[in-house]
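Chain residues, written in single-letter form:
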Amino acid sequence: MSRRHDSVSPVSVFLRFGLRAATVVFLAFVFAATGVVPLRAQDAVDFHLDLDTGGHRAFVKDIAFTPDGQFLVSASDDKTIRVWDWQSGVSLRTIRGQIGPGQEGKIFAVDVSPDGTTIAAGGWFGPSAGDSPPYGDVRLFDVRSGRLVAVLKGNPWVVYDVAFSPDGQRIAAAGQEGFVYLWQMDAAGAWQPETRLDGDSLRIEKIAFAAGGTRLVAITADYGLRLWDLAGMNPMEMPESGMLEDVPLRGLAVSPDGSLFATGADDGQVQIWRADDGSLAETLPPRGFSVGSLTFAEAGGLLVISCGYRCAGRFDQVLWRLGEGEEAAYAGHDDTVWASAASPDGTLVATAGGSRKEIRVWNPATGDTVAELKGIGGPVMAVGVLPDGSSIAWGEEDPCPALPACPERQGSLSNVMPLPGEGRFFERPRATTDVDGFQRAVHAREGFSLAATASEGSVVPNDVLEIRDGGRMIGRIAADASSGFLHSAFTLLSDGRSLVTGGSDGTLTLHDRETGGFATTLDDSHSGEIHAMAEAPGAGLLVTGSDDQTLKLWNLKTRKLVATMFFAAGDFIIWVPQGYYYSSPDGDALVGWHVNQGRDSEARFVRARQLKQYLFSPEIVRRALILADAETAVRELRGVDTELDRLLGRKPPEFQVRVVEAETPREGFVSVEITGAGEAGASVSEFTVLSNDRRIDGFETRAVTGGEADRIIIEVPVQAGENELSIAGLNEFGYLTERSVKAIGRLRETERAAGTLFVVAIGVEDYPFLPQACGGRSCNLSYPVDDAAEFVRLVDQRTRPLFRKMKTLVFANADALAETKAARETSLFVDAMEPESDVILDEIEDFLGQAGPDDTTIIFVAGHGINIDEDYYFIPTDGRQRAPDRWQRSSLVGWDTIQRAVERAKGRRLMLVDTCHAANSFNPRLEKDAEDARIIVFSATAANNTAAELPELGHGVFTYSLLQGMKGGADPTGEGVRLLALADFIDREVRRLTASRQAPEYYISRVDNFVVAKP
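What counts as what
Per chain, the residues get numbers from 1 upward, laid out in the order the sequence is written. Local features in this predicted model are restricted to residues whose pLDDT is 70 or higher, and side-chain atom pairs enter the listing and the counts only when it is 80 or higher, whereas totals over whole chains, interfaces and linings include all residues. For side-chain calculations, the full set of non-hydrogen atoms in the structure is used, while hydrogens and water are omitted. To qualify as a helix, a DSSP run of H or I must reach at least 4 residues; to qualify as a strand, a run of E must reach at least 2; elements of each kind are numbered from the N terminus. Throughout, a residue-residue contact means that at least one pair of heavy atoms, one from each residue, lies within 4.5 Å. The predictor attaches a confidence to each residue, and that confidence, scored 0 to 100, is pLDDT. Two strands pair if DSSP finds at least two bridges between them. Between buried and exposed lies partly exposed: a residue is buried under 20% and exposed over 50% of the maximum accessible area for its type, with that area taken using a 1.4 Å probe on protein chains only. UniProt positions are given in the numbering used here, feature names are shortened, and annotations may be inferred rather than shown by experiment. Stacked, tilted and edge-to-face are the three classes assigned to paired rings of Phe, Tyr and Trp, where Trp is represented by its six-membered ring and a pair needs centres within 6.5 Å; plane angles under 30 degrees give stacked, over 60 edge-to-face, the rest tilted. Geometrically, a lysine NZ or arginine CZ counts as sitting over a ring once it is within 6 Å of the ring centre and also within 35 degrees of the ring normal. Lines are fitted to the C-alpha atoms to define the axes, a helix being fitted only along its stretch in contact, and any angle between axes, read from their N-to-C directions, falls within 0 to 180 degrees. Angular relationships are summarised with four words: roughly parallel below 35 degrees, roughly antiparallel beyond 145, roughly perpendicular across 65 to 115, and oblique for the angles in between. Handedness of a crossing is defined here by the sense of rotation of the near helix relative to the far one, left-handed for an anticlockwise turn of less than a right angle and right-handed for a clockwise turn. The classification used treats Ala, Val, Leu, Ile, Met, Phe, Trp, Tyr, Cys and Pro as nonpolar, Asp, Glu, Lys and Arg as charged, and all other residues, Gly among them, as polar. Basic side-chain nitrogens of Lys or Arg form a salt bridge, by our definition, when they fall within 4 Å of a carboxyl oxygen of Asp or Glu. Charge convention: Lys and Arg are scored as positive, Asp and Glu as negative, and His as well as the terminal groups of each chain are ignored. Identification of polar contacts relies on pairs of N or O atoms within 3.5 Å, with a donor-acceptor requirement for protein atoms, meaning one able to donate a hydrogen and the other able to accept it, and with residues adjacent in sequence counted only if both atoms are side-chain atoms. A patch is a set of surface residues, each over 30% in relative accessible area and not in a salt bridge, joined within 9 Å for like charges and within 5 Å for the nonpolar side chains Val, Leu, Ile, Met, Phe, Trp and Tyr. Only the protein chains shown count as cover for residues, with accessible areas throughout obtained via the Shrake-Rupley method and a probe of 1.4 Å. By convention, the point assigned to a charge is CZ for Arg, NZ for Lys, CD for Glu and CG for Asp. Any two cysteine sulfur atoms within 2.5 Å of one another count as a disulfide. Definition of nonpolar core: a set of buried residues of the types Ala, Val, Leu, Ile, Met, Phe, Trp, Tyr and Cys, connected through side-chain atoms within 4.5 Å.

### A closer look at the overall build of the protein
Step number 1: Along the protein, the regular secondary structure elements total 13 helices and 71 strands.
Step number 2: Intrachain contacts of the protein at a sequence separation of at least 6 include 57% that bridge at least 24 residues.

In structure tokens, the structure reads:
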């Protein structure tokens, strides 16, 4: 009897599936998050903000090795395909297609062609809400480039599996509606529709070719197993499969020789079948879990069985030796597994799953993990917030790994980040166990209580939220497609009228506490299951954490998103809906905009880093958090803002770089090929090249004839050993694109000149025009001139001998300088100049422009700094105010001027900044810009600290520690003071001398640990 209805749509199919993390897999296949999505103008840019952490952030639905075994291809609910160099653990490229809100763009299946050139992908390729086909296009991508090379049309509904035939001449796709669609390659190499096979089902889960491509097998979610003889496209009788007709089947695998296939079911049944006639070959003992995936390994002699649901806290991959029985288990994952594949030679198995959505490649013979493929983030399982909203906390530990769901349990908090306020700036997130006072989700308040339960007949234990008053149930909220399928986290709000609940697809809804009646859905919510939430009642804020690895901060009064946050492995990024962000130095490489190019084209991905000069704005993000209103913050600082739409309507320079090994450049140089720069609108002559920590200019270029057009070779000077080359191009639209390669420099160190040491020292302690500008007191300081003078003298003694010669540029108050010991005992300061605005601006850029690629530049700055709106200024000795709360900007030194001069200086660059970071003088933009340019930065103190001056030291604490370190305190071996040892010494000394009230900050990455001062 047929089980097909007259009509089918992505929002009309219902399946009897599992729950919790696995529930998302089950239910998201079926339903779409409903709601009205505003239509964009016809010419508007269609873009979506997304994270790229280097790995998948949602369930991995399918994986496949390339035929040569070198690469692994994976498909995910995060709407991406990744091509992995699994041996190095690196995601080589991320392939993206058209996406939209909710389900649109999720990729459920991939397969690689037998010749290894093409990826076939299927998924939910239509609007999330509605029933207007097509949804089932099959997209074909080029493996090497990621380009979309063809779209196979004809299947109207969502695709859950795709497969190439063993000879590569056919492609099959199946899913909703229960038909298998076949395409065949014609003589010209184009794909043509061939036929469709009736699976007599509402939904086909998996398909595979068997018996050398003469058979096609399909498993269904609602009507068992199907097998076709492709010679006549006829269904084959399988009388022994009748026991599977009422059991949803999930796993399907074909043996390497195609003679056998295995099926796995929701109820734990696993059978092995003969492909030639469909007869039953072997029945395994029932598993105690729902089978998530099956794979044959070791030439078909071993079957790997993965748990997809009801794992009871055990997520082992069971190894079944055919004809012998169960022999072992692999226990590498900590959560369910829904995709697996064997390497072409059968010696390795890849499985995808776990709480971090990782892919593990392992040896079934030994149980050893060979590779782990994942990004740097993890799901946010717990959140907390202080009552006044001044600090947030979060954790990643699952509070109930052995249970399918536990929304009433609160996970542990392990990380804290203070949020900025008036007069308070950003601080770095830190690990801590001191989380007293943080608010968590409230499940009982004023006699009211919330509890999750299952509806009648449901396998989901938390698809209903019960509201009780004094123990009496007064309301029930049943979750459905419009509210996230289930109640994964919830809280009563302090207003006494409302509650919030979160669903498995990231939906957040507000309801009336008395009746459970729906109030609204919060827009711009998460893309994964909501795991936790907490309210700051004194600030009117709500914090939520999700499986999508982000935290979100909401204004409960306006019901709008304020900011989204991502933290992982020491990096972080915080961004507002308008696109402005604040991040750690490398954090803005983790987020960007997925820009759709149409259904028949691959999408573009523009990283936030590429638009840094427009969108990196710590002050806008800070202001948004203070106001709890991103729109107002942007309006205050930028006015009417359409910058993001304008920028994303343009293309960044998409050039590529590689080291040309065949080239034989001059000794001390490497040849790097740049492809596509001209087409991208970027001039190679204007590229910025960094080699390790040195800026390189004056590289030679030449065009390459033959082969691809638009190829340029540049010769870059390198140091002996490994060099990390960063090549950055900027096009006319302001897009920045960076590419990196590694090259080995082969040269004799003695052949490289020692170079010149350029030293700039600025010390300002006299502020005659600011008698009351610093908290009602004079802004005069005691030690900046002493600090600058003694630093220059010590550099002359300890650092200059490492170089061919030293040049200095000193700005210091003359009267104070004359009194210093350094000025009295040396002639280093005879050309020193007053630290006035015009003088500094006129001199510094010309001076730093003299530095060459073998030179080193050191800039020391001591004095006051100030933030005005989004800009940071150094206050020279002639700095003025027009009014008590209004600065005369023309009298100040824009720090961006100093920064640009330092960035343009060739060679190695080191900045030492001893400005007071109290109140309004901390600007993270400057430190990030320096880090991005690989300028080494030593900063006296972090945000919200004051740089201390102790009279008994005769210097600021930071400079005193710096000087002591250079004199030998940071040279435990007697072989010279090295950069990292100096940084460690300064950190320990500053903390010791100030009883940890002051903590220096450093920005040192991808640089050599060079000698700073001789013994």
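Now that the structure has been shown, the text picks up again.
### Comments concerning the environment of Ala983
Step number 1: Structurally, Ala983 is set in helix H13 (residues 979-993).
Step number 2: Between the C-alpha atom of Ala983 and that of Glu1001, which follows or precedes it by 18 residues, the distance is 9.0 Å.
Step number 3: Leaving out residues up to four positions away in the same chain, Ala983 has contacts with Phe938, Tyr1002 and Ile1004.

### As for the confidence of the model for the protein
Step number 1: Residues with a pLDDT of 70 or more make up 86% of the protein, whose mean pLDDT is 86.
Step number 2: Note that pLDDT drops below 50 for residues 1-43; the model gives that stretch 136 contacts with residues more than four away or on any other chain.
Step number 3: Scored below 50 in pLDDT, residues 748-752 shows eight contacts in the model against residues more than four places distant or in partner chains.

### Notes on the sheet that holds strand E14 (residues 204-210)
Step number 1: Pairing is antiparallel in the open sheet, where four strands are placed in the order E14-E15-E16-E17. Edge positions in the sheet fall to E14 and strand E17 (234-235), since each of these pairs with one other strand and no more.
Step number 2: As defined by bridge partners, E14 adjoins strand E15 (residues 215-220) across six bridges and the pair is classed as antiparallel. When the sheet's bridge partners are listed, Ala210 is paired in E15 with Arg215.

### Focus: helix H3 (residues 618-627)
Step number 1: Most of H3 is tucked away: eight of the ten residues are buried.
Step number 2: Regarding H3, the residues found buried are Pro618, Glu619, Ile620, Val621, Arg622, Arg623, Ala624 and Leu625.

### Describing the UniProt feature "repeat: WD" (unreviewed entry) in the protein
Step number 1: The positions UniProt marks with the feature "repeat: WD" (unreviewed entry) are residues 53-94, 152-186, 197-238, 252-283, 330-372 and 523-564.
Step number 2: Between the C-alpha atoms that bound residues 152-186 there is a distance of 14 Å. The span itself is 0% helix and 57% strand.
Step number 3: As annotated, residues 252-283 has a helix share of 0% and a strand share of 56%, and its two end C-alpha atoms lie 14 Å apart.

### As for the packing of aromatic side chains
Any aromatic ring pair is given by two values, namely how distant the centres are and how the planes are angled relative to each other.
Step number 1: Counted according to the given criterion, the structure contains 20 aromatic pairs.
Step number 2: Considering the side-chain rings of Trp394 and Phe567, the 4.1 Å spacing of their centres and the 20° angle between planes classify their relative orientation as stacked. Here the residue Trp394 occupies a position in strand E31 (residues 391-395), and Phe567 occupies one in strand E45 (residues 560-568), the gap between them amounting to 173 residues.
Step number 3: Of the residues examined, Trp394 reaches a relative accessible area of 4% and is grouped as buried.
Step number 4: With a relative accessible area of 7%, Phe567 lands in the buried category.
Step number 5: The positively charged end of Arg139 is found above the aromatic ring belonging to Phe125, 3.7 Å away from the centroid.

### Focus: the pairing of strand E42 (residues 530-536)
Step number 1: The buried fraction of E42 is high, at seven of seven residues.
Step number 2: Sheet topology note: the E42/strand E43 (residues 541-546) ladder contains six bridges and is antiparallel. Bridge pairing links Met533 to Thr544 in E43.
Step number 3: Following E42, the chain reverses through four residues before pairing antiparallel with E43; Gly540 in that reversal takes a positive phi of roughly 65°.

### Comments concerning the packing of helix H9 (residues 837-848) against helix H10 (residues 895-904)
Step number 1: Running from N to C, H9 and H10 cross one another at 15°; their axes reach a closest spacing of 8 Å. In terms of orientation, H9 lies roughly parallel with respect to H10. Seen along the crossing, H9 lies across H10 with a hand that is right-handed. In this structure, H9 contributes Leu841, Ile844, Glu845 and Leu848 to the contact, and H10 contributes Thr897, Ile898, Ala901, Val902 and Arg904.
Step number 2: In the contact of H9 with H10, the residues fall into six nonpolar, one polar and two charged.

### Topic: the pattern of salt bridges
Step number 1: With the rule as written, the count across this model stands at 44 salt bridges.
Step number 2: For the salt bridge of Arg147 with Glu602, the shortest nitrogen-to-oxygen distance reads 3.5 Å. Of this pair, Arg147 sits in the loop between strand E8 (138-142) and strand E9 (148-152) while Glu602 sits in the loop between strand E48 (591-595) and strand E49 (604-607), placing them 455 residues apart in sequence.
Step number 3: Accessibility expressed as a relative area gives 21% for Glu602, which makes it partly exposed.
Step number 4: With a closest N to O distance of 2.9 Å, Arg623 and Glu636 form a salt bridge. Of this pair, Arg623 sits in helix H3 while Glu636 sits in helix H4 (residues 630-638), placing them 13 residues apart in sequence.
Step number 5: Sharing partners across several salt bridges, the network here consists of Asp50, Asp52, Arg57, Arg82, Arg96 and Arg607.

### Let's talk about the sheet that holds strand E5 (residues 90-95)
What holds strands together in a sheet is hydrogen bonding between their backbones, with the strands either parallel or antiparallel.
Step number 1: Across the sheet, four strands lie side by side as E2-E3-E4-E5; this open sheet has antiparallel pairing. Each having just a single partner strand, strand E2 (60-65) and E5 make up the two edges of the open sheet. Within the sheet, the average angular offset between the axes of one strand and its neighbour, ignoring direction, is 20°.
Step number 2: Note that E2 and strand E3 (residues 72-76) share five bridges and pair antiparallel. Bridging from a neighbouring strand, Ile63 pairs with Ser74 of E3.

### Focus on the side chain of Asp463
Step number 1: Within the secondary structure layout, Asp463 lies in the loop between strand E35 (448-453) and strand E36 (464-469).
Step number 2: Buried charge without a salt bridge: Asp463, with Arg476 as the nearest opposite-charge side chain at an N-O distance of 6.8 Å.
Step number 3: A polar side-chain atom of Asp463 sits 2.7 Å from a polar atom in the side chain of Ser455.
Step number 4: In contact with Asp463, other than residues within four places in its own chain, are Thr453, Ala454, Ser455, Ser458, Ile477, Ala478, Ala479, Phe485, Leu486 and His487.

### Section: unusual backbone geometry
Step number 1: The phi dihedral of Met233 is positive, around 55°, even though this residue is not glycine.
Step number 2: With respect to the helices and strands, the residue Met233 is situated in the loop between strand E16 (225-229) and E17.

### Thoughts on a negative patch on the surface
Step number 1: On the surface, a cluster of negative charge is contributed by Glu836, Asp838, Asp842, Glu843 and Asp846.
Step number 2: By relative accessible area, Asp838 is classed as exposed at 54%.

### Re the state of the cysteines
Step number 1: For the structure on display, the rule yields three disulfides.
Step number 2: A disulfide bridge connects Cys400 with Cys406, and the sulfur atoms are separated by 1.8 Å. Linking Cys400 and Cys406, the disulfide has an S-S dihedral of approximately -85° and is accordingly described as left-handed. No difference in accessibility class separates Cys400 from Cys406, as the two residues are buried.
Step number 3: Taken in N- to C-terminal order, the disulfide-linked cysteines of the protein are connected 1-2, 3-4, 5-6.

### Describing the pairing of strand E24 (residues 317-321)
Step number 1: For E24, a buried count of five out of five residues is recorded, marking the element as mostly surrounded by other parts of the structure.
Step number 2: Along E24, one buried face is formed by Gln317, Leu319 and Arg321 and the opposite face, lined by Val318 and Trp320, is buried too.
Step number 3: As paired elements, strand E23 (residues 302-309) and E24 share four bridges and run antiparallel to each other. Bridge pairing in E24 links Leu303 to Trp320.
Step number 4: In terms of strand pairing, E24 meets strand E25 (residues 325-330) through five bridges, oriented antiparallel. When the sheet's bridge partners are listed, Val318 is paired in E25 with Ala329.

### Thoughts on the nonpolar core
Step number 1: In this structure, Ile392, Leu551, Met565, Trp593, Leu625 and Leu648 are the most contacted members of the largest nonpolar core, which totals 52 residues.
Step number 2: Among the elements that make up this core, the one with the highest residue count is E45 (six residues).
Step number 3: In contact with Leu625, other than residues within four places in its own chain, are Leu419, Pro420, Phe426, Leu553, Val562, Ala563 and Met565.
Step number 4: Listed in part, the 45 residues of the second largest apolar core include Leu757, Leu912, Leu950 and Phe1010.

### Digging into the side chain of Thr220
Step number 1: As for its placement among the helices and strands, Thr220 is situated in strand E15.
Step number 2: Assessed through its relative accessible area of 0%, Thr220 is described here as buried.
Step number 3: A polar contact of 3.4 Å, which involves the side chain of Thr220, links it to the backbone nitrogen of Asp222.
Step number 4: The contact partners of Thr220, leaving out residues within four places of it in the chain, are Ser201, Arg203, Ile204, Glu205, Val247, Pro248 and Leu249.

### Looking at the environment of Val90
Step number 1: With respect to the helices and strands, Val90 occurs in strand E5.
Step number 2: Residue classification places Val90 among the partly exposed residues on the basis of a relative accessible area of 40%.
Step number 3: For the pair Val90 and Leu373, spaced 283 residues apart in sequence, the C-alpha to C-alpha distance is 7.1 Å.
Step number 4: With residues near it in sequence (within four places) discarded, Val90 still touches Val83, Trp84 and Asp85.

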